[in-house]
Amino acid sequence: MTINKMGVGIAHSKLILIGEHSVVYGQPAIALPVTILKTTVTITSSKYGQYVENNEFRRRLDLMGDEFEGIRQLIMRLLAKFHSSKMPFSLEIDSNIPQGRGLGASASLATAITRAFFDFFEAELSQKDLLFYANFSENITHGKSSGIDVATVNSEHPLWFVKDRTIEPFELNLHGFIVIGDTGVHGFTSQAINIVREKLAEEKENTQAHLDKLGELATASKAFLMTDKLKEFGKVMDRAHDALTALGVSHPRLDSLVEIARNTGALGAKLTGSGLGGVMVALAENEKDAIRISQRLLKNGAKNTWIYSF
Ligand SMILES: Nc1ncnc2c1ncn2[C@@H]1O[C@H](COP(=O)(O)OP(=O)(O)OP(=O)(O)O)[C@@H](O)[C@H]1O
Ligand SMILES: C[C@@](O)(CCO)CC(=O)[O-]
């Protein structure tokens, strides 16, 4: 086997338009690849142990800490696959995806790491294997996840996603703008997934009704997005935020930014991703409205905003 001195892997971020949480229970969801936010991983061979570094730390792989268990186990599994468990290396993470904000930082990182190791060992990487390794890592980081994050950070197209059944690319047949507003609050995906699971166990009928409603809203959204019905899609976003709030995964900072966006002319607004903090999204008809919403969010406590056009 030939070994390169360096391996590089890149992966973008994702945004769930509709269907977060209900997607874990088999309901459909729609997600977009967000290519302005991405992770680059560079592996270089080294003489001194196994190290992982980003712009905040440089740590030995075996001393990474619990929050990095998903990527630690992924790296160990990939090293074992290439019969190189003891190989010294330095793995550098360069990412502009904010962590713990529902934008798929962990799925993007797991994907970039997998690509970088296959590049390092000059091995072919099938889409099936890529999804397998990235989901292996995600299931450790987030608990049992639906797979939508990994599927979307690996897609060039918007996706219609049904867990274990369908990953279908489709083209949005309309133009619009999405303003992403960051509450600055770190949301924990595994905690949010647990809240919904516990609610389903304790208040089965009520909770199931919210999950079913989110599924219906996702189905309606697909039709609206394919037939140039932007305003109708905006209304669906508002209703989805209500259902997610009822599931217990919103946050006062999210509710406040959602309200501000609506009062500034957004066609609709909702939390996106796992919630409990993280980011919200607002829909705007044109760029001028999107900029106005973004400025208003920033003035009212958003830590950061991004504008995504489609
Ligand atoms: N730049 C980075 N440096 C180191 N670790 C990172 C980086 N980006 C992501 N991670 C890993 O991913 C985890 C952060 O992902 P987290 O689950 O908090 O958010 P997320 O993936 O953005 O959320 P969601 O799944 O809702 O989109 C970290 O604990 C770490 O393991
Ligand atoms: C909350 C969730 O629906 C989306 C997280 O980005 C979890 C998942 O689908 O794995």
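Residues numbered from 1 in each chain as written. Chains lettered and ligands numbered in written order. Predicted model: local features only at pLDDT ≥ 70, side-chain atom pairs only at ≥ 80, totals over all residues. Heavy atoms only, no water.

Draft legend 1. Fine view of the pattern of salt bridges. Scanning all chains against the criterion turns up 13 salt bridges. When the shortest N-O distance is used, the salt bridge between Asp182 and Arg101 registers 2.8 Å. Note that Asp182 is positioned in strand S8 (residues 177-182) and Arg101 in the loop between strand S5 (89-95) and helix H2 (105-120), a separation of 81 residues in sequence. Take Asp182 and Arg101: they sit in the same class, and that class is buried. For Lys222, the salt bridge goes to Glu168, with nearest N and O atoms at 3.1 Å. Residue Lys222 is located in helix H6 (residues 204-226), and its partner Glu168 is located in strand S7 (residues 166-169); the two are separated by 54 residues in the primary sequence. (Salt bridge = Lys/Arg side-chain N within 4 Å of Asp/Glu carboxyl O. Helix = DSSP H or I, 4+ residues; strand = E, 2+ residues; numbered from the N terminus. Buried < 20%, exposed > 50% of the residue type's maximum accessible area, 1.4 Å probe, protein only.)

Draft legend 2. Focus on the packing of H2 against helix H3 (residues 127-142). Running from N to C, H2 and H3 point in directions that differ by 140 degrees, and their axes come no closer than 9 Å. One finds that H2 runs oblique with respect to H3. Relative to H3, the crossing made by H2 is right-handed. Of the residues in H3, those touching H2 at Ser106, Ala107, Ala110, Thr111, Thr114, Arg115 and Phe118 are Leu130, Tyr133, Ala134, Ser137, Glu138, Thr141 and His142. Taken together, the residues of the contact of H2 with H3 break down into six nonpolar, six polar and two charged. (Axes fitted to C-alpha atoms, helices over the stretch in contact; angles between N-to-C directions. Parallel < 35°, antiparallel > 145°, perpendicular 65-115°, else oblique. Left-handed = near helix turned anticlockwise from the far one by under 90°. Contact = heavy atoms within 4.5 Å. Nonpolar A, V, L, I, M, F, W, Y, C, P; charged D, E, K, R; others polar.)

Draft legend 3. Representation of the domain arrangement of the protein within the structure. When cut into domains, the protein gives domain 1 (6-169) and domain 2 (177-309). Averaged C-alpha coordinates put domain 1 and domain 2 at centres separated by 24 Å. Each partner contributes residues to the interface: domain 1 has 29 residues there, and domain 2 has 42 residues. Buried surface at the junction of domain 1 and domain 2, summed over both partners, amounts to about 2,800 Å²; 67% is from carbon and sulfur atoms. (Domains from an automatic or database assignment. Buried area = accessible area lost by both parts, 1.4 Å probe.)

Draft legend 4. Here's a closer look at the nonpolar core. Ile178, Met280 and Leu297 are the most contacted members of the largest nonpolar core, which has 59 residues in total. Of all the elements, helix H7 (residues 230-247) adds the most residues to this core, at eight residues. Residue assignment places this core across two domains, with domain 1 (6-169) and domain 2 (177-309) each supplying three or more. Phe118, Tyr133, Ala134 and Val150 belong to the second-largest nonpolar core, a separate cluster that totals 32 residues. (Core = buried A, V, L, I, M, F, W, Y, C linked by side-chain atoms within 4.5 Å.)

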